[in-house]
6 protein chains.
Amino acid sequence: MRTNNVQRLHAEGRPIINGWLSIGSGYAAELIAHQGFDSVTVDCQHGMIGFETALVMLQAVSSTPSTPLVRPSCLDPAQIMRFLDAGSFGIICPMISTADDARALVDACRYPPIGGRSFGPGRGLLYGGADYPTSANATITVLAMIETTAGFENLEAILAVEGIDGIYVGPNDLSLSMGFSPTNESSEPTVRAAISEALRMTRAKGKIAGIFCSDGDAAAMRISQGFHLVTPGNDATLLKRVMGQAVASSRAGIA
Amino acid sequence: MRTNNVQRLHAEGRPIINGWLSIGSGYAAELIAHQGFDSVTVDCQHGMIGFETALVMLQAVSSTPSTPLVRPSCLDPAQIMRFLDAGSFGIICPMISTADDARALVDACRYPPIGGRSFGPGRGLLYGGADYPTSANATITVLAMIETTAGFENLEAILAVEGIDGIYVGPNDLSLSMGFSPTNESSEPTVRAAISEALRMTRAKGKIAGIFCSDGDAAAMRISQGFHLVTPGNDATLLKRVMGQAVASSRAGIA
Amino acid sequence: MRTNNVQRLHAEGRPIINGWLSIGSGYAAELIAHQGFDSVTVDCQHGMIGFETALVMLQAVSSTPSTPLVRPSCLDPAQIMRFLDAGSFGIICPMISTADDARALVDACRYPPIGGRSFGPGRGLLYGGADYPTSANATITVLAMIETTAGFENLEAILAVEGIDGIYVGPNDLSLSMGFSPTNESSEPTVRAAISEALRMTRAKGKIAGIFCSDGDAAAMRISQGFHLVTPGNDATLLKRVMGQAVASSRAGIA
Amino acid sequence: MRTNNVQRLHAEGRPIINGWLSIGSGYAAELIAHQGFDSVTVDCQHGMIGFETALVMLQAVSSTPSTPLVRPSCLDPAQIMRFLDAGSFGIICPMISTADDARALVDACRYPPIGGRSFGPGRGLLYGGADYPTSANATITVLAMIETTAGFENLEAILAVEGIDGIYVGPNDLSLSMGFSPTNESSEPTVRAAISEALRMTRAKGKIAGIFCSDGDAAAMRISQGFHLVTPGNDATLLKRVMGQAVASSRAGIA
Amino acid sequence: MRTNNVQRLHAEGRPIINGWLSIGSGYAAELIAHQGFDSVTVDCQHGMIGFETALVMLQAVSSTPSTPLVRPSCLDPAQIMRFLDAGSFGIICPMISTADDARALVDACRYPPIGGRSFGPGRGLLYGGADYPTSANATITVLAMIETTAGFENLEAILAVEGIDGIYVGPNDLSLSMGFSPTNESSEPTVRAAISEALRMTRAKGKIAGIFCSDGDAAAMRISQGFHLVTPGNDATLLKRVMGQAVASSRAGIA
Amino acid sequence: MRTNNVQRLHAEGRPIINGWLSIGSGYAAELIAHQGFDSVTVDCQHGMIGFETALVMLQAVSSTPSTPLVRPSCLDPAQIMRFLDAGSFGIICPMISTADDARALVDACRYPPIGGRSFGPGRGLLYGGADYPTSANATITVLAMIETTAGFENLEAILAVEGIDGIYVGPNDLSLSMGFSPTNESSEPTVRAAISEALRMTRAKGKIAGIFCSDGDAAAMRISQGFHLVTPGNDATLLKRVMGQAVASSRAGIA
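Predicted model, so just to flag it, every value in this text is computed and none were measured.

With that settled, consider the overall build of chain A. A tally of helices and strands in chain A yields 13 helices and eight strands. A compact globule built from 255 residues should have a C-alpha radius of gyration of about 18 Å, and chain A, at 18 Å, falls within 12% of that. The buried share of chain A, reckoned over its 255 residues, is 69%. Once local pairs closer than 6 in sequence are excluded, the contacts in chain A between residues at least 24 apart make up 60%.

Structure, rendered in structure tokens:
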């Protein structure tokens, strides 16, 4: 089976730079996946993307060196199965708040006897290769999003679930859930302490600690804190910013 | 009929900052059109965009303050008519090299008696308003792309064609056509002289002088040279750049 | 944040005329939203519409004075969140039969601390404006469809749930659920009594009473009964009718 | 090969009621094609429809008793061939102004030795049946749109072209081309005389005389004048009207 | 209401040959449905197909003699309702493991008083006919996929649920669930015995016994065993095979 | 720039097995491109494929070892440019009948100074690599379809046009153009002689001789005749055949 960069880099002790795709376009996905990201995540939760578009984006990413991951809209086993069948090499699942959630997530992502994923890996076979059926359980990365106070409180139990490869902190929702406004790099001591503690616990288990960041500088900071997988902003936000800057720079030419 | 920013700003003596859309996504189009651009151009020549996607993008832009323009794939009257029917308020037509080309372009964009545009302004009516049939000829902007040596040589005649509102220099193709490599802001004296001369001639006729630029700084430079309508880079190139920078900044966090 | 016509008109004591979109087409959506409807609802339950199409329709409606609402396929929090992120200013949720259902609906539609909506309002920000994160909870309209006998029996409790802005009677399903054939304006005394009682209870709470109607005349009748939000038929049914009439009128010309 | 209603009804001396599809939606197309139209025309000139959508609409119409026709965006042989390959049983070609135009149209629509249509009838075979290759030339209807003064002046020669089955008057463009505002049922004597004369000449040749009409009443009038094929308005206009009426009727309920 | 081939053939004691569609293309669907299949199933579980594409495929199949069925991604009542509204004449529901699952499935597929399906049969009416509302409950086929050990163990109870028309064995998942590798025609005695026993029990109840098979030969074998509905491979697998063979045969020409 | 298999294999004196894609589906395209084809051609002439779908198919093929080619609908320079910009590594252009046609084809496919292709290789850069602008002229394969008697008569002159890499015989249209029924492997001596002569002439010029074939056996025969590039049937025909066979084999199980 084709190598999963997330696994390979983590095994080598190297951080993973993960791109975030919320614009529903195969061309944008392909273009971004060529910019040096180790993995890219098709965001089917907050992204403006349905199944047909996600499929096209996964195909587009498949022609690049980047590994395709998907964030489903929720812990919906059938939806998760479909994204895996469509060739995603990993799932970043929102709103995992209990060990039961984590077990359900593993069940959705792994074939029996580990889980209950139904068999029929259409595009998975094409992208992954002929040994997909026997290798998928070992190759697919499963990350639980920790983004609620409950998720943080139950983190020990979540991390203990076999088949969970790591966590992915959703700082906006975590902050909101703790009673603050949604921010990626919160200055609130409570939020900062929770993120630090989540990082420590995950590293202690030898699992992957991932987190969403505002941009490249914030991602660099998270890497230096010890996070393994970082997302330096999403495509829409960065596109908005660079287009706004282009307008501003242009107007500077007006006498 | 709804105001065309290109016309309004030109009449006020103010430059027009025009965004360039080559990613086939209504969401990206809408997002970009909200960043302060006076107009945005759906690029159906080099953009990865067919009619269905262009329609969606025109609809998305319609909910923003930006005026939607389209670059068709070529001087194809039926195609141009369809983009106008779909609500485009202007046409930036590639490869206008002769006065005959310019006349054909006007013929495609204007209703009789000025031109031969067929009547049936489906979405034009919705976006433009009930007076579209009588006001379209006066409201729609027609720009001829000058991007070949022939186009440059025939510029006087092209500018003399009634119904042509101005030009839009395609510096990549012009440079290529003159025997140099494709560049937006060429340092070749021949190319620079041609662009300056085209600007001068167009201004002398009181028509709009537009040009594609690499980015905001280049656009500012073109405005200071006297260009009226500038495009500070396209969405794909700028997205590529900002995503590449995000990767680089992230990697800076690796010890 | 952009004004929600449903809220504004209700506050002013004026009825809301709501269009119903079941044809999956951005052009049809835009065209309909321009005909004077205060709001239009993209029907993702019985309409022939998936997420990608709903997104396009919401964008198309955004360029009109009409406020976009969505009916999701069911009480699925992740789906509801996605339609809100895509810019819907309200949810008309099918099959709300208990106070628990109503609470789950509010939880899906409101950010913490009121509910558990996850943060990431992609298109919401573009359509709603920069204050979307702080204003969305107060601006988005949440209507519970009362269309089962259980829903009718539990109406008092449903109306008592904080964050529910009102109800929307589904007369077809209500009739069917009570043992009669599906009809919008039933002549069955039991059904009529239930609808009247639901109206009375909702008005008593000061909440919005909405209802689906066969056509404009039926809608006028419901307004005169005291309903606040009425839907005068759906696009497919009305299009079917007018096209059938065009055929009939044409045939009248045959000697 | 499956029967072409246009041919069958014309041979029987009965008029053809033709629906007009400008909304790009397979569902709307199917719904309309079920309302009693003998044929329906997918309008790829002024309709908001690209090839992919036209294909879906042709498939949707194929499940109804109505015969599918297409209006291409212009006299483009490759485009016409593609719509025929996609299963259209007729072409209503815009802007036929000379006998040369008419000959080029026949050439695009007919296989050798009559014309130069390239062989590869993908969906034509599925919809038409196994004898499509040998029967298509005899079964497909070719109508030339007469909608310019030139087209009217050259009508005799156009009608003389073998392989042209008839004409289809575009009254909006004809009116515009004659110097009047675009109207379907013009009261201008010049326009009325031209339409009458075109009808007379076409009937004299035993060919099909078709025309676009504002609505069913206008279509009935045209039938009584002797037109064989009438279009009682387009879907978008009729949908707009019926939706506007639904709003008006609803508002009548406001005290 | 239009006849459901599955019901008709089963009543006549004749087997049903069912095609399997996992390629998301209306053209492929139409083409396949013309090859003699009694029914075809749009696979929205493992197929690369979202709602929009499924709708197009159902429309395409509607123009053929084949009856359209859908496999939803899971036992999701709202999703099932949508496919029925879109014109599917049957549901093959994955992972039915208990009598409760079977009851929920019936509830999703049948209108009151039998089930709880919400009323609004958009395309169902077009494809099925005007009596759809009263005939759908009797015409739509509901098959429960038996593909887990639990499903097999609870088969008696599942078959006893009123409204379940039969079963459809998923041999890949059943095999996997029993601890073996996924195979359609397993040689494992345990799996073979389970399939035989499921067949026997289903026939004893007079219900439809269906099964997925690797290809036509395997399907012939299952028919001779007594299965009523067989699927001779899926489109993707068969296309893969025939294209691989074309390459191999071509290479045989290389000296 | 990424290697073009057509060029590489031809240079090595090895035949090229080319797949043919007429089903508009990225999944089918990807699946087929994985079956050992050296190249695959997206057929935008007779295939049921518009620009948006072709783009998706080109992206899907890009993740396989197969080289993507496109057949445009006709000799339309703007259309050809768009497919090249979208990443096609070759053009098989229909209906090249004169040296002028051939020159126009080269002009459309090559950048100045060889031709007049406009600069803006969006996806070409992503798929081809950063040196695309300077390497495209040398890497892109241009094949002229010889499929009319005129094309055959002018073959000498067509082959003499610089920038034409070879021919691709369209035996169906050639046969039809010569007065026979459309067949891939005609038994008519005139047609057979023309094909042999075209092969001889092309080989004499050291250019690529390609041809469409009914299936793998026919392709093997053409290779043994000396053709360099063969297409063993198209996807739709082969899928039709294999699905029909699956039905037939299944029915063999009926006692």
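On we go from here.
With that settled, consider the relation of the copies chain A and chain F. Mapping one chain copy onto the other needs a rotation about an axis and a shift along that axis. Once chain A has been moved 0.0 Å along the axis and rotated by 180°, it coincides with chain F to within an RMSD of 0.0 Å. Both copies of the chain, as the preceding transformation shows, are related through a two-fold rotation axis. Every residue of chain A has its C-alpha some distance from the rotation axis, and the shortest such distance is that of A:Ser63, at 2.0 Å. Mapped onto chain F, 100% of the interface residues of chain A are again interface residues, and the two copies thus contact each other with one and the same surface.

This next bit is on the relation of the copies chain F and chain E. Overlaying chain F on chain E yields an RMSD of 0.0 Å, the required transformation being a rotation through 180° with an accompanying axial translation of 0.0 Å. A shared binding surface is used by both copies, with 100% of the interface residues of chain F retained as interface residues in chain E.

Attention shifts here to the interface of chain F and chain E. Between chain F and chain E, the contact holds 45 residues from the first and 45 residues from the second. Within the residue set of the side of chain F that touches chain E, elements represented by two or more residues are strand 1 (16-21), helix 2 (26-33), helix 12 (216-225), strand 8 (229-232) and helix 13 (235-251) of chain F. With 16 residues, helix 13 of chain F is the largest single contributor of residues to the side of chain F that touches chain E. Here the side of chain F that touches chain E is composed, by residue class, of 26 nonpolar, 13 polar and six charged.

Note that chain A does not reach chain D: the shortest distance linking a C-alpha of one to a C-alpha of the other is 15 Å. Here chain C and chain F are not in contact; the least distance found between their C-alpha atoms is 15 Å.

Let us look at the interface of chain A and chain F. Contact residues are listed per partner, giving 13 residues for chain A and 13 residues for chain F. Of all the secondary structure elements, the ones that give two or more residues to the side of chain A that touches chain F are helix 2 (26-33), helix 3 (51-61) and helix 6 (122-128) of chain A. Among the elements that take part in the side of chain A that touches chain F, helix 2 of chain A stands out by supplying four residues, more than any other. Tallied by class, the residues present in the side of chain A that touches chain F amount to six nonpolar, five polar and two charged.

Here we come to the confidence of the model for chain A. Where the model shows low pLDDT, its predicted coordinates should not be examined in detail. Across chain A, the average pLDDT comes to 97, with 100% of residues at 70 or higher. The ipTM value of the predicted complex is 0.96, and its pTM value is 0.97.

Before going further, it helps to examine the packing of helix 2 (residues 26-33) of chain C against helix 3 (residues 51-62) of chain C. Residues and elements named next belong to chain C. Between helix 2 and helix 3, the least distance of the axes is 8 Å, while the angle of their chain directions is 30°. Relative to helix 3, helix 2 is oriented roughly parallel. Here helix 2 and helix 3 pass one another in a crossing that is right-handed. Along its contact with helix 2, which presents Gly26, Ala29, Glu30 and Ala33, the element helix 3 presents Val56, Met57, Gln59, Ala60 and Val61. Grouping the amino acids of the contact of helix 2 with helix 3 by side-chain chemistry returns six nonpolar, two polar and one charged.

Turning to the environment of B:Ala220, a few remarks are in order. Here B:Ala220 shows up in helix 12 (residues 216-225). The spatial distance from the C-alpha of B:Ala220 to the C-alpha of B:Ala194 is 19 Å, given a sequence separation of 26 residues. Excluding residues within four positions of it along the chain, B:Ala220 makes contact with A:Ser249, A:Ser250, A:Ala252 and A:Gly253.

Our next topic: unusual backbone geometry. Residue A:Pro112 is joined to A:Pro113 through a cis peptide bond whose omega torsion reads 10°. Examined against the element boundaries, A:Pro113 turns out to sit in the loop between helix 5 (99-109) and helix 6. Positive phi outside glycine occurs at C:Met95, with the angle close to 55°. By C-beta crowding, C:Met95 is classed as buried, having 23 other C-beta atoms within 10 Å.

This brings us to the pairing of strand 6 (residues 166-169) of chain A. All names here are of chain A. Side chains Gly166 and Tyr168 project from strand 6 onto one buried face, and the interleaved Ile167 and Val169 project onto a second face that is buried too. The pairing of strand 5 (residues 141-146) with strand 6 spans four bridges and is classified as parallel. From the neighbouring strand, Ala144 faces strand 6, where its bridge partner is Ile167. With four bridges joining them, strand 6 and strand 7 (residues 208-213) adopt parallel strand pairing. Counted as the bridge partner of Val169 is Ile211 from strand 7.

Attention shifts here to helix 5 (residues 99-109) of chain B. Turning to helix 5 of chain B, its buried residues number three or more, namely B:Asp101, B:Ala102, B:Ala104, B:Leu105, B:Val106, B:Ala108 and B:Cys109. In the core, the buried residues of helix 5 of chain B are packed alongside helix 4 (77-85), strand 4 (90-93), strand 5 (141-146) and helix 9 (155-159) of chain B.

Moving on, we come to the packing of helix 13 (residues 235-251) of chain C against helix 13 (residues 235-251) of chain D. Between helix 13 of chain C and helix 13 of chain D, whose axes approach to 9 Å, the crossing angle comes to 115°. The orientation of helix 13 of chain C relative to helix 13 of chain D falls into the category roughly perpendicular. Relative to helix 13 of chain D, the crossing made by helix 13 of chain C is right-handed. Listed contacts from helix 13 of chain D to C:Asp235, C:Leu238, C:Leu239, C:Arg241, C:Val242, C:Met243 and C:Ala246 of helix 13 of chain C are D:Asp235, D:Leu238, D:Leu239, D:Arg241, D:Val242, D:Met243 and D:Ala246.

Residues and elements named next belong to chain E. Structurally, Ile164 is set in the loop between helix 9 (155-160) and strand 6 (166-169). Residue class for Ile164 comes out buried when judged on the 25 C-beta atoms lying within 10 Å of it. Distance from Ile164 to Thr148, taken between C-alpha atoms, is 18 Å for residues 16 residues apart in sequence. When neighbours within four sequence positions are excluded, Ile164 is seen to be in contact with Ala102, Val106, Val142, Ala144, Ile158 and Leu159.

On to the pairing of strand 2 (residues 39-43) of chain D, then. Residue and element names in this part refer to chain D. Most of strand 2 sits inside the fold, with five of its five residues counted as buried. Side chains Ser39, Thr41 and Asp43 of strand 2 all project onto a buried face; the interleaved residues Val40 and Val42 project onto the opposite face, where all are buried too. Here four bridges tie strand 1 (residues 16-21) to strand 2, and the two strands are oriented parallel to one another. Across the sheet, the residue bridging to Gly19 is Val40, located in strand 2. Handedness of the crossover joining strand 1 and strand 2 through helix 2 (residues 26-33): right-handed. Here five bridges tie strand 2 to strand 3 (residues 67-71), and the two strands are oriented parallel to one another. The residue bridging Ser39 from the neighbouring strand is Thr67, located in strand 3. Assessed by its sense of winding, the connection that carries the chain from strand 2 through helix 3 (residues 51-61) to strand 3 is right-handed.

Following the sequence through the fold, E:Asn172 ends up in helix 10 (residues 171-177). Taking the C-alpha atoms as reference points, E:Asn172 and E:Cys213, 41 residues apart in sequence, are found 9.6 Å from one another. Residues contacting E:Asn172, with those up to four places away along its chain left out, are A:Phe119, A:Gly120, E:Pro182, E:Thr183 and E:Asn184.

Calculation rules
Residues numbered from 1 in each chain as written. Chains lettered and ligands numbered in written order. Predicted model: local features only at pLDDT ≥ 70, side-chain atom pairs only at ≥ 80, totals over all residues. Helix = DSSP H or I, 4+ residues; strand = E, 2+ residues; numbered from the N terminus. Rg over C-alpha atoms; globule rule 2.2 N^0.38 Å. Buried ≥ 20, exposed ≤ 12 C-beta atoms within 10 Å, placed from the backbone. Contact = placed C-beta atoms within 7 Å. Least-squares fit on C-alpha atoms with pLDDT ≥ 70 in both. Nonpolar A, V, L, I, M, F, W, Y, C, P; charged D, E, K, R; others polar. pLDDT = per-residue confidence, 0-100. Axes fitted to C-alpha atoms, helices over the stretch in contact; angles between N-to-C directions. Parallel < 35°, antiparallel > 145°, perpendicular 65-115°, else oblique. Left-handed = near helix turned anticlockwise from the far one by under 90°. Pairing = 2+ DSSP bridges. Right-handed = clockwise from strand over helix to strand, strands pointing away.

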